[in-house]
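Structural description and commentary
One letter stands for each residue in the lines below.
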Amino acid sequence: MNICQTCGACFDDEHDLCAYDGGLLESPFSGPRVLGDRYLLEQRMAAGAMGVVFRATHLQVGSTVAVKLMQPRKEELRVALARFHREAQILGQIKHPNAVLVMDFRVEQRGTAAIPYLVTEFLRGQSLETLLEQTPRLPLREVERIITPLCEAVEEAHQVGVVHRDIKPSNVFLERLRDGTQIVKVLDFGIAKFVELSEQAVQDRLALTRRLTESTEVDFLDEVLEVRGGAGDSSDDDTARGPITEAGFMVGTIPYMAPEQMTGGRVSRRTDVCAVGTLIWRLLAGRLPFEGDDDEVIAGRLSGERPSLREAGVEVPLRLDEILQRALSLREEDRPASVLELARELRLAVASLDGGEGAVPLPPQLQGAVATLGDLERELTAWANAPDNEEHYLQARERLLSLSTTLSTLARRLEQGGAGSDVDSTLIDELAGELDRLTARISRQLHGMERHSPAADEYLDYLLALWTRANVSAGAIVQSLRARLPGTPLRPEPGPALSWLNPLQSQNERALLELTERLESRDALDSVDALEALLRDNLDALVACLATGGDLARRLAQALWRHADTLLLLELHPSARAFRLLPILASNPTTSEAAPYGVLARLFLLPTDALVEQAAEIVEGVRDDEARAILWRCLLVHPLPVLRAHAAQRVPLSGMWNVIAYPRTPTGALRVIFARVKDQAPNEYLKVFFLCTRDSLQAVSHRDDLAEAFLLLHLCFSVPCFHEDIVFEPLLAIERTLRARCAALGVEPPADDAYGEALAEFQAEGVTETQLPETMRDIPLPIQRKLAREGHFLAYFVTHTNERVARETLPHLLRLEDVTRYLRIATIHRAVLTELARNKRLFRKDAPRLALLQNPKTPAHVARGFLPLVSREQLRLLAANKHIGAEVRQLASGMLERLGRMGVEPAPTGGENATVDRGLGLRQRRKG
């Protein structure tokens with residue numbers, strides 16, 4: 001791909017100059033400008049030290065999106081990857097009207113280069129920094145309009161345990177909707193940090209009962225392992241050890257940093273309070289509270305001084321000035337506990353200027369909200385009828401964003417007693433009833449909408465998240481109006497805050513019940529798919545169900561135990577977002593099925609002395625054979641190598657595949673497993689082991705992991721089947737990559753003679769042809785499906801007895817020019833054969849047609865479409881071939897009889913002249 005250095009337009013590699021302005025082109029990476037087969041890069045919008053933002057088109061949906069492409073320097077790759085992955089992880093959890101919607105996060109592989117990119121919604125407008133360049137100082141009312149939604153988004157991040165750490169004007173975007181409404185969006189969570197959630201925050205976030213906070217084993221993993229997402233003083237995950245910033249230990253932007261950031265101290269929610277207070281000071285005063293070069297700003301911040309807006313000549317209420325001074329305090333405990341306190345003081349300050357918040361009459365505000373709800377209902381109906389039409393989604397999104405702001409403002413006004421006593425109670429009651437009815441209808445509409453594609457699903461999830469907030473505000477408004485307006489009786493039925501939730505609860509229960517039945521299924525593929533759906537789309541409902549107990553909770557706990565090793569891997573080495581399900585299961589006293597989780601918790605809390613003996617005693621004390629086997633599997637990823645090695649001796653090969661296939665399993669655990677099975681497993685199992693771990697080895701970047709990776713490679717060099725071409729070159733490529741990574745990190749690669757001799761001998765023996773597997777009986781079906789999906793061993797998997805596994809080969813087969821060799825496999829799965837037959841491009845020549853017709857699996861209805869395209873001689877051979885299907889033989893015989901009755905002479909065999917005319921079947925030569 002090439003980019004114009006002048007206008008930023010994107011072109012494919014064959015372009016030498018910009019087609020718009022003739023500017024010179026630069027190439028950030030080679031290959032097409034389509035990422036992930038779905039995002040067409042069109043124009044560079046912004047660029048920084050670590051990444052570039054493009055405007056792009058989603059080819060499957062047709063929508064405009066923003067693609068943030070990471071392009072760090074080689075020496076900054078580890079830090080940049082960690083920051084980039086963390087930003088995707090955090091934004092994926094925060095679905096707030098004032099936070100950017102994250103649609104996708106992927107890593108594109110272009111040859112040996114990896115291109116990480118983040119896909120978000122495309123915003124139109126300007127940053128707050130750009131606004132301040134035009135207007136250095138903003139009025140109080142405008143500051144409140146910007147800061148209030150910013151504080152709500154930051155508070156949402158705080159509720160999930162995230163501190164932003166870099167709030168500044170360039171990270172605040174002012175999106176302009178088409179109706180003129182301006183929406184504030186908080187950007188760049190790239191250096192945000194997870195902090196420990198309090199018990200109350202966990203309750204608020206997950207709506208759990210007190211049972212979840214009474215157990216001493218809730219944090220049983222974090223107390224042993226310093227994993228990300230838990231203890232506030234623990235380091236980030238292994239890919240991001242140390243501070244993730246280019247400027248040493250100070251993380252953030254100096255003028256907006258809190259003192260603890262400048263000194264490398266522990267950050268907390270009050271760190272963001274200081275940054276927001278500094279931003280408010282800057283917006284109102286037109287300058288920063290501490291100015292000068294970096295050293296002067298740091299000295300001023302650490303001096304303990306609390307600059308005053310009033311002393312700087314800015315007319316603001318005394319209470320606002322005092323709380324801003326507290327926000328700039330040197331000591332964290334002197335600052336406000338929440339950013340919402342700053343927003344509340346700003347609102348009170350604006351109200352004092354207006355002489356109260358009743359400047360706009362209440363009925364017009366309610367009528368505007370009802371009208372917007374009606375517009376939203378119509379747009380959602382239009383989008384449901386035409387889900388591929390992006391315009392309907394955009395209209396619905398804009399209505400919801402505007403509605404969220406309107407309803408939250410109105411709810412705050414009523415909460416503070418702003419309804420008044422001189423309003424028309426009849427009119428207000430009618431508007432409240434209409435508001436109630438519309439919210440109920442829209443709730444049912446949104447939760448009942450069908451899902452069509454992954455992209456459309458993401459849009460729908462985002463609208464649901466926005467609607468949940470708007471709906472709660474609407475419910476609070478209706479309850480407040482009916483409770484406070486004079487002469488309006490309170491209604492006995494449940495309030496709207498519950499009425500909209502009941503359909504959602506019943507829908508969640510139905511979804512959980514269906515997924516539970518699939519989890520309990522003997523079909524391994526169905527069970528794994530159900531687990532993925534449960535964790536991806538129904539995690540909050542799952543946690544709520546486990547908290548409330550009951551029959552469904554017991555069934556879920558029991559069904560999830562079958563996947564305990566998967567849950568443990570997600571907990572210890574998360575790839576997408578913080579995962580905290582195992583502690584909930586371990587601490588839940590309401591289900592007897594939770595007992596194995598408690599045993600697992602005890603295993604990870606054992607002291608290091610006599611660890612192996614105690615662990616073995618605990619595991620062997622479990623009566624249930626299946627539970628005992630699962631516990632040993634879980635210990636394969638224990639942080640202590642001695643216990644991992646002991647567990648590897650107790651787990652059969654068939655029980656190790658889940659750990660092997662997980663993309664973030666520690667390299668040390670992989671080495672222990674491979675050392676255990678290297679001399680015992682069949683060749684095909686060893687090759688599958690390599691194919692499952694290749695990406696993990698390729699991504700190793702930490703010093704300790706590099707040492708383990710080279711030890712694993714040393715073991716690989718002595719495996720005879722690794723000379724097959726499916727392994728040989730990729731294995732040597734990994735070895736070269738790891739050596740280059742050692743050089744970049746200043747780490748010495750293995751220099752001992754044994755390693756060098758093993759590598760030299762492995763290279764000298766050369767490469768051989770890949771042999772197809774004989775059997776994969778002990779390899780779980782999900783692993784086999786993964787291999788088929790990646791295009792390995794196609795000739796083996798097209799014959800697979802499981803249709804879902806066999807179908808995974810189709811995308812690879814359909815890319816080929818000639819599939820004759822696969823059509824000649826007599827045991828090919830009939831579904832694959834039928835799908836290939838539908839693609840007429842593959843059957844332009846005689847060889848694939850005959851191979852298809854001669855295959856005993858070919859159904860009669862498929863053969864009927866190809867028999868007219870072969871010669872009469874070939875028809876005779878097919879009619880006499882006892883190895884093909886009887887129905888196909890009968891069809892060939894019948895066609896020969898019809899041609900004989902028509903007096904058609906035999907056509908010459910072979911070549912294009914031997915094919916049959918479309919109308920009849922043969923090129924006819926009538927007797928003269």
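Structure first, text after, so check above.
Residues numbered from 1 in each chain as written. Predicted model: local features only at pLDDT ≥ 70, side-chain atom pairs only at ≥ 80, totals over all residues. Heavy atoms only, no water.

**Quick notes on the overall build of the protein**
Keep this limit in mind: Segments assigned H or I by DSSP are reported as helices when at least four residues long, segments assigned E as strands when at least two residues long, and all are numbered from the N terminus. The buried label applies to any residue whose accessible area, calculated with a 1.4 Å probe on protein chains only, is under 20% of its type's maximum; exposed applies above 50%, and partly exposed to all values in between. The criterion used for residue contact is that any of the two residues' heavy atoms lie within 4.5 Å. Per-residue and other accessible areas were derived by the Shrake-Rupley procedure at a 1.4 Å probe size, with only the shown protein chains allowed to occlude residues.
Scanning the protein from N- to C-terminus turns up 41 helices and 14 strands. Looking at the protein residue by residue over its 928 residues, the buried ones come to 53%. Restricting to contacts in the protein with at least 6 residues of sequence separation, those with at least 24 account for 65%. Approximately 41300 Å² of the protein is accessible, and the part contributed by carbon and sulfur atoms is 49%.

**Describing the side chain of Asn-855**
Using the following cut-off: We define a polar contact as two N or O atoms separated by no more than 3.5 Å, with the added condition that, inside protein, one atom must be a possible hydrogen donor and the other a possible acceptor, whereas residues neighbouring each other in sequence contribute only through side-chain atom pairs.
For Asn-855, the position within the fold is in the loop between helix 38 (846-854) and helix 39 (860-866). Among the polar contacts listed, one links the side chain of Asn-855 to the backbone oxygen of Ile-825, at a separation of 2.9 Å.

**A word on the pairing of strand 5 (residues 39-47)**
Every other side chain in a regular strand lies on the same face of the sheet, so the side chains alternate between the two faces. This is how it is decided: By the convention used here, strands pair only if DSSP detects at least 2 bridges between them.
Relative to strand 5, strand 4 (residues 34-35) runs antiparallel, the two being bridged by two bridges. Following the sheet pairing, Val-34 is matched in strand 5 by Leu-40. Linking strand 4 back to strand 5 in an antiparallel pair, the connection comprises three residues, with Gly-36 at a positive phi of about 60 degrees. Relative to strand 6 (residues 51-58), strand 5 runs antiparallel, the two sharing seven bridges. Looking at strand 6, one finds that Tyr-39 is bridged to His-58.

**Some details on the sheet that holds strand 2 (residues 10-11)**
An order of 2-1-3 is seen for the three strands of this open sheet, with the pairing classed as antiparallel. The two strands at the open ends of the sheet, each matched to only one other strand, are strand 2 and strand 3 (25-26). Relative to strand 3, strand 1 (residues 2-4) runs antiparallel, the two sharing two bridges. Counted as the bridge partner of Ile-3 is Glu-26 from strand 3.

**Examining the environment of Leu-711**
Within the fold, Leu-711 resides in helix 29 (residues 703-716). A residue is classified by how much of its surface remains accessible, and Leu-711, at 44% relative accessible area, is partly exposed. Sequence separation between Leu-711 and Gly-668 is 43 residues; the distance between their C-alpha atoms is 9.0 Å.

**Some details on the packing of helix 25 (residues 641-650) against helix 27 (residues 667-677)**
Quick note on the threshold: Note on method: axes are straight lines fitted to C-alpha atoms, helices fitted across the in-contact stretch only, with angles between N-to-C directions ranging 0 to 180 degrees. The hand of a helix crossing depends on one turn: near helix anticlockwise from the far one by less than a right angle means left-handed, and clockwise means right-handed. For this scheme, ten residues count as nonpolar: Ala, Val, Leu, Ile, Met, Phe, Trp, Tyr, Cys and Pro. Four count as charged, namely Asp, Glu, Lys and Arg, and the remainder, Gly too, count as polar.
Interaxial distance between helix 25 and helix 27 falls to 9 Å at its minimum, and their mutual angle equals 40 degrees. Judged by the twist between their axes, the crossing of helix 25 over helix 27 is right-handed. Contacts between helix 25 and helix 27 pair Arg-644, Ala-645, Ala-648 and Gln-649 from the former with Gly-668, Ala-669, Val-672 and Arg-676 from the latter. Of the residues contributing to the contact of helix 25 with helix 27, the split by class is four nonpolar, two polar and two charged.

**A look at a negative patch on the surface**
The condition is simple: Think of a patch as exposed residues, more than 30% relative accessible area, with no salt bridge, where like charges cluster within 9 Å and nonpolar side chains (Val, Leu, Ile, Met, Phe, Trp, Tyr) cluster within 5 Å. Salt bridge, as applied in this entry: a Lys or Arg side-chain nitrogen positioned within 4 Å of an Asp or Glu carboxyl oxygen. When charges are counted, Lys and Arg contribute as positive and Asp and Glu as negative, whereas His and the chain ends are disregarded. The atoms used to mark charge sites are NZ of Lys, CZ of Arg, CG of Asp and CD of Glu.
Taken together, the side chains of Asp-752, Asp-753, Glu-757, Glu-761 and Glu-765 define an acidic patch exposed on the protein surface. Looking at the element boundaries, Glu-765 is found in helix 31 (residues 753-765).

**Regarding the pattern of salt bridges**
Scanning the model with the defined rule gives 38 salt bridges in all. Here Asp-565 makes a salt bridge to Arg-633, at a shortest N to O gap of 3.0 Å. Separated by 68 residues along the polypeptide, Asp-565 in helix 20 (residues 564-572) and Arg-633 in helix 24 (residues 625-634) bring together distant segments of the chain. Across this residue pair, the class does not change: Asp-565 and Arg-633 are buried. Among the salt bridges present, the one from Glu-620 reaches Arg-628, with a minimum N-O distance of 3.8 Å.

**Considering the state of the cysteines**
As a reminder, the rule being used: For the purposes of this analysis, a disulfide is any pair of cysteine sulfur atoms at a distance within 2.5 Å.
The tally for this structure, following the rule as stated, stands at zero disulfides. The closest cysteine sulfur to the non-disulfide-bonded Cys-7 is located on Cys-4, 3.6 Å from its own sulfur.

**Considerations on the environment of Ser-408**
Inspection of the secondary structure puts Ser-408 in helix 12 (residues 390-415). Placed 259 residues apart in sequence, Ser-408 and Pro-149 show a C-alpha to C-alpha distance of 9.9 Å.

**Describing the sheet that holds strand 12 (residues 172-176)**
Spatial strand order, 10-12-13: three strands in an open sheet with antiparallel pairing. At either margin of the open sheet sits one strand with a lone partner, and together these are strand 10 (125-127) and strand 13 (182-186). Averaged over all pairs of adjacent strands, the angle between strand axes in this sheet comes to 20 degrees, irrespective of strand direction. Sheet analysis places strand 12 next to strand 13, joined by five bridges and oriented antiparallel.

**Topic: the packing of helix 18 (residues 539-548) against helix 19 (residues 551-561)**
Contact pair helix 18 / helix 19: the axes reach a minimum separation of 8 Å and the direction vectors enclose 115 degrees. For the pair helix 18 and helix 19, the crossing hand works out as left-handed. Where helix 18 abuts helix 19, its residues Leu-542, Cys-545 and Leu-546 lie against Leu-552, Ala-553, Leu-556, Ala-557 and Leu-560. Its residues placed into classes, the contact of helix 18 with helix 19 shows eight nonpolar, no polar and no charged.

**Description of the pairing of strand 7 (residues 64-70)**
Among the seven residues in strand 7, five count as buried, and that is most of the element. Across seven bridges, strand 6 lies against strand 7 in antiparallel orientation. Among the inter-strand pairings, Val-53 is bridged to a residue of strand 7, identified as Lys-68. Pairing between strand 7 and strand 9 (residues 113-121): five bridges, direction antiparallel. For Leu-69, the partnering residue across the bridge sits in strand 9 and is Tyr-117.

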